[in-house]
Amino acid sequence: MSELAERPSTAGQRLGAPESFGVSTLEPGTRPPAQPPGRQVSIRVQMLDDTQEVFQISQRAPGKVLFDLVCVHLNLTEGDYFGLEYTDHRKMTVWLDLLKPALKQIRRPKNTILRFVVKFFPPDHTQLMEELTRYLFALQIKRDLACGHLICNDTSAALMVSHIIQSEIGDFEETQSWQHLLHNKYLPDQDAIRDKIIDCHRQHVGQTPAESDYQLLEIARRLEMYGVRLYPAKDREGTKLSLTVAHTGVLVFQGYTKINAFNWSKIRKLSFKRKRFLIKLRADPTQNSHHDTLEFAMASRDCCKVFWKICVEYHAFFRLFEEPKPKPKPILFTRGSSFRFSGRTQKQIIDHLKDSELKKVPFERKHSKVLSSSSMSPHSSSFRSQVPKESATSVLLDQPDSARLEAKTNGTEEPPGVAPPTNGFPNSTLNSDPSRQNHNGAGQHLLNPGGSDSKDSAQESPPVVANGGGGGPGDGQETGVADVGQIPEGQPPSPLTSPLLIEAGYVRHDDEEEARRKKFPTDKAYFIAKELLTTERTYLKDLQVITEFFQKAAGKDEAFPEAVKNLISSHYDPVYRFHQGFLKETEQRLAQWEGRSNAHIKGDYQRIGDVLLKNIQGLRQLTVHLQKHSECLVELERACRSSRKVEAVCKDFEQQRVCYLPLYIFLLRPLHRLLHYKLILERLCKHYPPTHEDFRDSRAALAEISETALQLQGIMMKMENFQKLLELKKDLTGIENLVMPGREFIRLGCLSKLSGKGLQQRMFFLFSDCLMYTSRGTTPSNQFKVHGQLPLYGMTIRESEEEWGVPHSFTLFGQRQSVVVAASCAAEMERWVEDIRMAIDLAEQTSSPNADLLSTSPPDTKPLEDVGAELESEEELCGSRSSLERQSHRGNTTVHVCWHRNTSVSMVDFSIAVENQLSGNLLRKFKNSNGWQKLWVVFTNFSLFFYKSHQDEYPLASLPLLGYSVTVPAESENIHKDYVFKLHFKSHVYYFRSESEYTFERWMEVIRSATCSASRPLLSSRKDLY
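Residues numbered from 1 in each chain as written. Predicted model: local features only at pLDDT ≥ 70, side-chain atom pairs only at ≥ 80, totals over all residues. Heavy atoms only, no water.

### Details of the overall build of the protein chain
At step 1: Looking only at helices and strands, one finds 30 helices and 30 strands in the protein chain.
At step 2: Every one of the 1026 residues in the protein chain was classed for burial, and the buried ones make up 60%.
At step 3: Summed over all atoms, the accessible surface of the protein chain reaches about 42,700 Å², with 49% contributed by carbon and sulfur. (Helix = DSSP H or I, 4+ residues; strand = E, 2+ residues; numbered from the N terminus. Buried < 20%, exposed > 50% of the residue type's maximum accessible area, 1.4 Å probe, protein only. Areas by Shrake-Rupley, 256 points an atom, 1.4 Å probe, with all protein chains shown as cover.)

This is the structure:
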């Protein structure tokens, strides 16, 4: 492929890429197209890092072959944003046409150097999914600044150069920074603003190269000259102008000032005749005018044609859904140019990366002295790559889809020499720093397959990083046998992970589980009682989060109000102590039922109704405490609003591994547990015949718990809504008064909003009084910024698929504005339309907001960063520096899962998920693994949490289930075991085995409740759920 291939360092090796598997930009994952036979010719290409590479292509090969070879060499997935330009024999800079033979375009290949540069500049750099792509864009901005093409004021120039220096030499050190500026030229007039550059550089301490790239692109994209290449022209009066093309349309500049813009939606046709460039505009429906034609004179016909071609390509890339089809060749005469855009459109790139499992590779920043990359042999048995510090962050920031947020453990392709991860949590201790925690605490640790003593196991099975970017060095994590788990300080990996299992060092449980199962009772009542036991264990652990861990954290901070601490302690500690005794009695009864104690006389202990009746009667004495739990939540929220220190204590606690769910959910656990008892007793009474000795006690216990649940029903519904609004408040920015009296949450999820730039993915939040739409920036804050609020009062809704030609679309007509949105499928559209119509009816029936629990919350007096107006520009994404400084990693919430999985969740779904919590032991295996491993699994909050045993304080990993499907394995999958169910999402497949038909049905039931949205209608009151 390259004359330099035999040298020690090629471009691919310099970028840290493993040996390429032939990834084409048009069909990623496949080899480049075969070259036609013929003599090989050497072509030199200059990369964005100023290095030159030589590629061999056939004499008759089209330009696409050369371009694909360059992208494969760089291991670049999003290559369609780039192009190859060169200076032709007319001294004009032109783009290499991918469809024509390369050597027909490059007349003198030995004397021509092609330049690999950015061709299409997207309006928003967060649309670039790969970190390598953003790095190459940053190099392009650096080059444009140095050449004087990117014109801006001194402040912007100094700030951009300071970010470039930060990425190259790291934190500010006065002597080093001055010397670096003296020896490197970033701007034509750099000396005049050197002091400004130094002052800006001082402020970037601790910023990684990836964050510097992000900030550089964030500043550049807001400049008027961003991505602009000027083509000289004159208008009809002979005034000197310049034309250029952008994602929005054709722009007109006078000097470096934009004086006019013609949006694609207004342009009817672009053409040229000799050296005249013609823009034909659509007639304005508001004016009784004919089509307007604008005429510009350019230097020559060739100049016109070059500009016309790039306009055609820009329009196709940013406006079309797919690559345009070639026109059939005419038989006799040809008219006009046959030129067309070749390659994937931007929408195709984004959609492909969402659906693919392409792994990121670590790479070296050639000009950066912050980090270096050791040479990696692609055939080495273990990779020891120096990991850029930003890679750990990018695992969270750069993922467009859940397939990238999950560990790649289902047999996907790995770099050569690295065995694909197999199944099995290791039976060894965790090798991770307790200080490196995220909000979830799940799936963030490194698993050492054999512990400190199992050296052989470690050599046989390479260690795997349990994070959201997938296993192996392709995700920017350092791996190796001697020392695994060096996550860069302060950069926890993505919490939206599925657990990785390692085959080495675990025991297969097939035979022993079969033998054990045969000894245990098979009565359905026994398994119902066992469900009571397993869920009680999880419930007690959740109570312990409040009564022990949170109170301990609050006690260490003097700023935490004593009144709040005493309130929580006085109303949660008695409940915790009571359930400790309840759990002990339940464990003793199950041990007797299984015959594991001396008192196992048949019949005397094969029941659970008497234990439930006794303890539920005792629980009624605690009703006064349960009624106060709402006050505890309100007072804790009031303390957080009135004191930043208290708020910091709560945020820090949510980062601990024991707090695997949002803190406020744990405060509601005692109220939720009443529903669990009620459902367990209902199943028990349904199973028993009236003559059974346990039926009377079970029915009495059911009557007691039903009365208690009914008594607390109103508090429970208010608290759930209040907690959900508070949780959403943490995920949103640009909204000051989300928690309002009378406001109820109804649904959240992804919809595509039609704008001037086409369909844009947006997160919508439906409340009882308004509909909000937001967008998500790729920043560590992981917050969604509110762009608009549509009041529901007076709103109408109309299906508009035929009107706009967009599948599953509908239009919302508000009093002040209208919005066209599209759902991902017909079912999603039906759910949204039904809920919006119901909410509109409720809004029109409600004359004034009702005083509710929310009114007890004090107003939020703290200033919010970046509070946005209602009709904020679509271009504004939360990408400011302040957002990068906030380190609240909230990438594991339901909102973010819905964003990545392109789905929605309603309040009914949340309420059903509360009912359907489940815990217990399951055996699990992956698609390409041989054995099963026993895990303690907890289902809650639309996720599965995995533990080694029920005694663990925090989960080792988690798997969000939204978007997954649950089925029974087919015969062709060769799973010859009973009670096995299969979870699959795209190409991710997991098998789980339960111990009985009852537990199998229960797991299938609760998982379906998370993976399938509720079909029941959402009423104004959700009392039916309780």
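Now, onward.
### Quick notes on the environment of Val-65
At step 1: With respect to the helices, strands and loops of the structure, Val-65 is situated in helix H2 (residues 63–74).
At step 2: Val-65 sits 37 residues away from Ala-102 along the chain, and the two C-alpha atoms are 8.6 Å apart.

### A look at the packing of aromatic side chains
At step 1: Counting across every chain of the model gives 34 aromatic pairs.
At step 2: Ring geometry for Phe-745 versus Phe-767: centroids 6.2 Å apart, planes at 65°, classification edge-to-face. Note that Phe-745 is positioned in strand S16 (residues 745–755) and Phe-767 in strand S17 (residues 758–767), a separation of 22 residues in sequence. When sorted by exposure, Phe-745 lands in the same class as Phe-767, which is buried. (Phe/Tyr/Trp six-rings, centres within 6.5 Å; stacked < 30°, edge-to-face > 60°.)

### Looking at the sheet that holds strand S5 (residues 113–118)
At step 1: A sheet is described by the order of its strands in space; here five strands give the open sequence S2-S1-S5-S3-S4, paired in mixed fashion. The outermost strands of the open sheet, each flanked by one partner alone, are strand S2 (52–58) and strand S4 (93–95). Strand-to-strand twist in this sheet, taken as the mean axis angle between neighbours without regard to direction, amounts to 40°.
At step 2: Taken together, the three bridges between strand S1 (residues 40–46) and S5 define a ladder with parallel strand orientation. Paired with Val-45 across the strands is Leu-114, a residue of S5.
At step 3: This element, helix H4 (residues 131–147), spans S1, strand S3 (82–87) and S5 of the sheet and lies at about 110° to S5. (Pairing = 2+ DSSP bridges. Axes fitted to C-alpha atoms, helices over the stretch in contact; angles between N-to-C directions. Contact = heavy atoms within 4.5 Å.)

### A short note on helix H24 (residues 713–731)
Every α-helical turn comprises 3.6 residues, leaving residues that sit three or four positions apart pointing alike.
At step 1: With 19 residues, H24 extends 28 Å from end C-alpha to end C-alpha; this agrees with the ideal 27 Å at 1.5 Å per step.
At step 2: For H24, a buried count of 14 out of 19 residues is recorded, marking the element as mostly surrounded by other parts of the structure. (Expected span 1.5 Å × (residues − 1).)

### Quick word on the packing of helix H5 (residues 154–169) against helix H7 (residues 194–202)
At step 1: Put simply, H5 and H7 touch, their axes get as near as 8 Å, and they point 55° apart. Taken as axis vectors, H5 and H7 run oblique relative to one another. Seen from above, H5 lies across H7 with right-handed handedness. In this structure, H5 contributes Asp-154, Thr-155, Ala-158, Leu-159, Val-161, Ser-162, Ile-165, Gln-166 and Ile-169 to the contact, and H7 contributes Lys-196, Ile-197, Cys-200 and His-201. (Parallel < 35°, antiparallel > 145°, perpendicular 65-115°, else oblique. Left-handed = near helix turned anticlockwise from the far one by under 90°.)

### Overview of helix H17 (residues 609–620)
At step 1: Here H17 is 12 residues long and its end C-alpha atoms lie 16 Å apart, about the 16 Å a rise of 1.5 Å per residue gives.
At step 2: Among the residues making up H17, those that are buried are Gly-609, Val-611, Leu-612, Leu-613, Asn-615, Ile-616 and Leu-619.
At step 3: The inward-facing, buried residues of H17 abut helix H15 (524–555), helix H16 (562–593), helix H18 (623–627), helix H22 (669–687) and helix H23 (695–711).

### Remarks on the nonpolar core
Buried together is how nonpolar side chains tend to be arranged in soluble globular proteins.
At step 1: If you look at the biggest cluster of nonpolar residues, it comprises 129 residues, and the most contacted ones within it are Leu-944, Leu-983 and Trp-1003.
At step 2: Broken down by element, the residue count for this core peaks at 16 residues, all from H15. (Core = buried A, V, L, I, M, F, W, Y, C linked by side-chain atoms within 4.5 Å.)

### Focus: unusual backbone geometry
At step 1: The residue Asp-50 is not glycine, and still its phi comes out positive at about 70°.
At step 2: Considering the arrangement of structural elements, one finds Asp-50 in the loop between S1 and S2.
At step 3: Unlike most non-glycine residues, Asn-974 shows phi in positive territory, near 55°.
At step 4: Within the fold, Asn-974 resides in the loop between strand S28 (965–967) and strand S29 (980–985).

### Some details on the confidence of the model for the protein chain
At step 1: Mean pLDDT over the protein chain stands at 75; residues scoring 70 or higher make up 71%.
At step 2: Considering only residues more than four positions removed or in separate chains, one finds that residues 597–602, a stretch of pLDDT under 50, has six contacts.
At step 3: Predicted confidence for residues 1014–1026 stays below pLDDT 50, and this span has 31 contacts to residues more than four positions away or in other chains. (pLDDT = per-residue confidence, 0-100.)

### A word on the side chain of Thr-940
At step 1: Along the chain, the position of Thr-940 falls in strand S25 (residues 933–940).
At step 2: In contact with Thr-940, other than residues within four places in its own chain, are Tyr-660, Leu-661, Arg-669, Gln-917 and Phe-945.

### Here we look at the sheet that holds strand S26 (residues 943–947)
At step 1: The strand order across the open sheet formed by seven strands is S27-S26-S25-S24-S30-S29-S28, and the pairing between neighbours is antiparallel. Each end of this open sheet is capped by a strand with a single partner; those strands are strand S27 (957–960) and S28. Across this sheet, the average inter-strand angle for adjacent strands is 35°, counted without regard to direction.
At step 2: When S29 meets strand S30 (residues 988–993), the two strands line up antiparallel, connected through six bridges. Of the residues in S30, the one forming a bridge with Lys-982 is Tyr-991.

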